[in-house]
Amino acid sequence: MTLETLSTNKAYGGVQGVYRHQSRETGTAMTFAVFVPEHEPGERLPVLFYLSGLTCTHANVMEKGEYRAACAAEKIVFVAPDTSPRGEEVPDDAEGKYDFGLGAGFYVDATQPPFDRHYRMRSYVEQELPELIAAKFPVDMARQGITGHSMGGHGALTIALRNPSRFRSVSAFAPIVAPSQVPWGQKALAGYLGDDKSAWAEYDAVALIESGASLPNLLVDQGAADNFLEQELKTHLLEDACAKAGLDATIRMQPGYDHSYYFISTFMGEHVRWHAQRLRN
């Protein structure tokens with residue numbers, strides 16, 4: 001597990017770093033960001049994984065997410081991976097659209113060529129990256145939380161639903177809750193997994209909940225002025241699924257907020273503190 005340090009900066013007494021390694025899952029170099037709060041020698045801290053949305057890299061939340069003050073106060077390690085494999089050999093959308101290919105891995109393990117060789121973001125986020133974080137950073141892997149935005153909110157929800165005993169806390173900002181039912185998700189799932197919709201279900205939070213998957217707790221914030229809400233996000237489908245399943249879910253519509261990092265940064269500190277309450281012991 002060779003890890004290259006690309007940059008480190010002191011922030012709120014801790015260290016904001018950017019790192020790169022050669023991934024066994026994607027077959028490419030992968031870059032990710034980690035904020036480690038100030039801590040005692042030998043101390044192991046809880047860890048919060050953040051999955052970004054379409055077109056993003058690790059840098060978007062690192063530069064605009066405003067998580068460091070809360071993570072420093074709560075002593076939580078914050079990990080932000082990229083959204084897809086990258087490199088000249090990695091296939092992209094044939095028409096150059098932003099919602100498929102580079103920057104749009106949808107946190108799936110692709111089965112359709114040519115994407116199946118490199119687009120293995122599910123295995124990267126579920127297995128390889130946590131192994132690397134556990135080996136290289138002062139984290140307590142018995143205390144993990146996960147969150148994300150939009151496509152990353154979809155990733156956070158589905159990864160947590162498939163691994164219910166692993167994450168003590170799950171939250172999301174404006175997640176794609178039912179990709180099988182919206183244009184972004186239908187394009188991505190068909191392109192990566194093929195036309196057999198039965199293969200899509202394990203990457204669809206609403207479908208997973210309807211089939212019996214569960215979470216210990218859930219916090220979702222959604223901007224009521226989000227221009228993607230009605231066509232792509234459909235938050236009400238998650239509300240309905242959680243209510244029918246009896247899941248402990250707090251799903252909040254935030255008046256006036258859109259899909260941007262102005263929205264995310266406004267509620268990021270509250271999300272970090274919410275996770276901290278569930279990750280302390």
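Here the structure is shown first, and the text comes after it.
Structural notes, computed from the coordinates. Predicted, not measured: the structure shown is a model, and the values here were computed from it. (Residues numbered from 1 in each chain as written. Predicted model: local features only at pLDDT ≥ 70, side-chain atom pairs only at ≥ 80, totals over all residues. Heavy atoms only, no water.)

1. As for the packing of aromatic side chains
Here the structure, examined in full by the defined rule, presents 16 aromatic pairs. For the pair Phe115 and Tyr119, a centre-to-centre distance of 5.6 Å together with 75° between the ring planes defines the contact as edge-to-face. Taken individually, Phe115 and Tyr119 each receive the classification buried, so the pair is uniform in this respect. Note on Phe115 and Tyr192: the rings are 5.7 Å apart at their centroids and 90° apart in plane angle, and the pair reads as edge-to-face. Of this pair, Phe115 sits in the loop between strand S5 (77-81) and helix H3 (121-136) while Tyr192 sits in helix H5 (residues 183-193), and the two are 77 residues apart along the sequence. For Phe115, a relative accessible area of 10% corresponds to the buried category. Each residue in the set Phe35, Tyr50, Tyr67 and Phe78 is aromatic and connected to the rest through ring pairs, giving one cluster. One residue, Arg68, lies across the ring of Tyr67, its end atom 4.9 Å from the ring centre. (Phe/Tyr/Trp six-rings, centres within 6.5 Å; stacked < 30°, edge-to-face > 60°. Buried < 20%, exposed > 50% of the residue type's maximum accessible area, 1.4 Å probe, protein only. Helix = DSSP H or I, 4+ residues; strand = E, 2+ residues; numbered from the N terminus. Lys NZ or Arg CZ within 6 Å of the ring centre and 35° of its normal.)

2. Section: H3
Because an α-helix completes one turn every 3.6 residues, residues spaced three or four positions apart along the sequence face the same direction. Residue Glu128 marks the point of greatest curvature in H3, where the axis turns by about 35°; the proline Pro130 follows within four residues. Those residues of H3 that sit buried are Met121, Arg122, Ser123, Tyr124, Val125, Glu126, Glu128, Leu129, Pro130, Leu132 and Ile133. Summarising the contacts, the buried residues of H3 are in contact with strand S2 (14-22), strand S3 (29-36), strand S4 (45-51), S5, strand S6 (139-148) and helix H4 (151-162). (Bend = angle between axes of the 7 residues up to and from the residue. Contact = heavy atoms within 4.5 Å.)

3. Some details on the nonpolar core
Counting 92 residues, the largest nonpolar core has Phe78 and Tyr192 as the members making the most contacts within it. Counting residues per element, this core draws most heavily on helix H9 (residues 261-279), at eight residues. (Core = buried A, V, L, I, M, F, W, Y, C linked by side-chain atoms within 4.5 Å.)

4. Some points on helix H8 (residues 235-245)
By the burial criterion, the buried members of H8 are Thr235, Leu237, Leu238, Ala241 and Cys242. For H8, the angular spread of buried residues about the axis comes to 155°, placing them on one side. Opposite its buried face, H8 presents the exposed residues Ala243 and Lys244, each directed more than 90 degrees away. Close packing links the buried residues of H8 with H4, helix H6 (205-210), strand S8 (218-223), helix H7 (229-233) and strand S9 (249-254). Directly beyond the C-terminal end of H8, a positive phi value near 70° is found at Gly246. (Arc of directions from axis to C-beta.)

5. Some words on the sheet that holds S4
Judged by pairing direction, the sheet is mixed, and its nine strands sit side by side in the order S1-S2-S3-S5-S4-S6-S7-S8-S9 without closing on themselves. The sheet terminates laterally at strand S1 (4-11) and S9, the two strands that pair on one side only. Pairs of neighbouring strands in the sheet enclose a mean axial angle of 20°, with direction left out of account. Note that S2 and S3 share eight bridges and pair antiparallel. Considered in S3, the bridge of Arg20 is made with Thr31. The strands touched by H8 within the sheet are S8 and S9, with S9 carrying the most contacts at an inclination of about 155°. (Pairing = 2+ DSSP bridges. Axes fitted to C-alpha atoms, helices over the stretch in contact; angles between N-to-C directions.)

6. Regarding the pairing of S5
The element S5 is largely enclosed, with a buried count of five among its five residues. Of the two faces of S5, both are covered, the one formed by Val77, Val79 and Pro81 as well as the one formed by Phe78 and Ala80. By the bridge criterion, four bridges tie S3 to S5 in an arrangement that is antiparallel. The residue of S5 that forms the bridge with Phe32 is Pro81.

7. Concerning the environment of Gly103
With respect to the helices and strands, the residue Gly103 is situated in the loop between S5 and H3. Sequence spacing of Gly103 and Glu210 is 107 residues, and the spatial spacing of their C-alpha atoms is 29 Å.

8. A look at the side chain of Asn217
Checked against the element boundaries, Asn217 lands in the loop between H6 and S8. Classification of Asn217 as buried rests on a relative accessible area of 11%. Side-chain polar atoms of Asn217 contact the backbone oxygen of Arg168, separated by 3.3 Å. Residues within four places of Asn217 in sequence aside, it is in contact with Arg168, Ser169, Val170, Asp248, Trp274 and Arg278. (Polar contact = N/O pair within 3.5 Å; in protein donor to acceptor, adjacent residues only side chain to side chain.)

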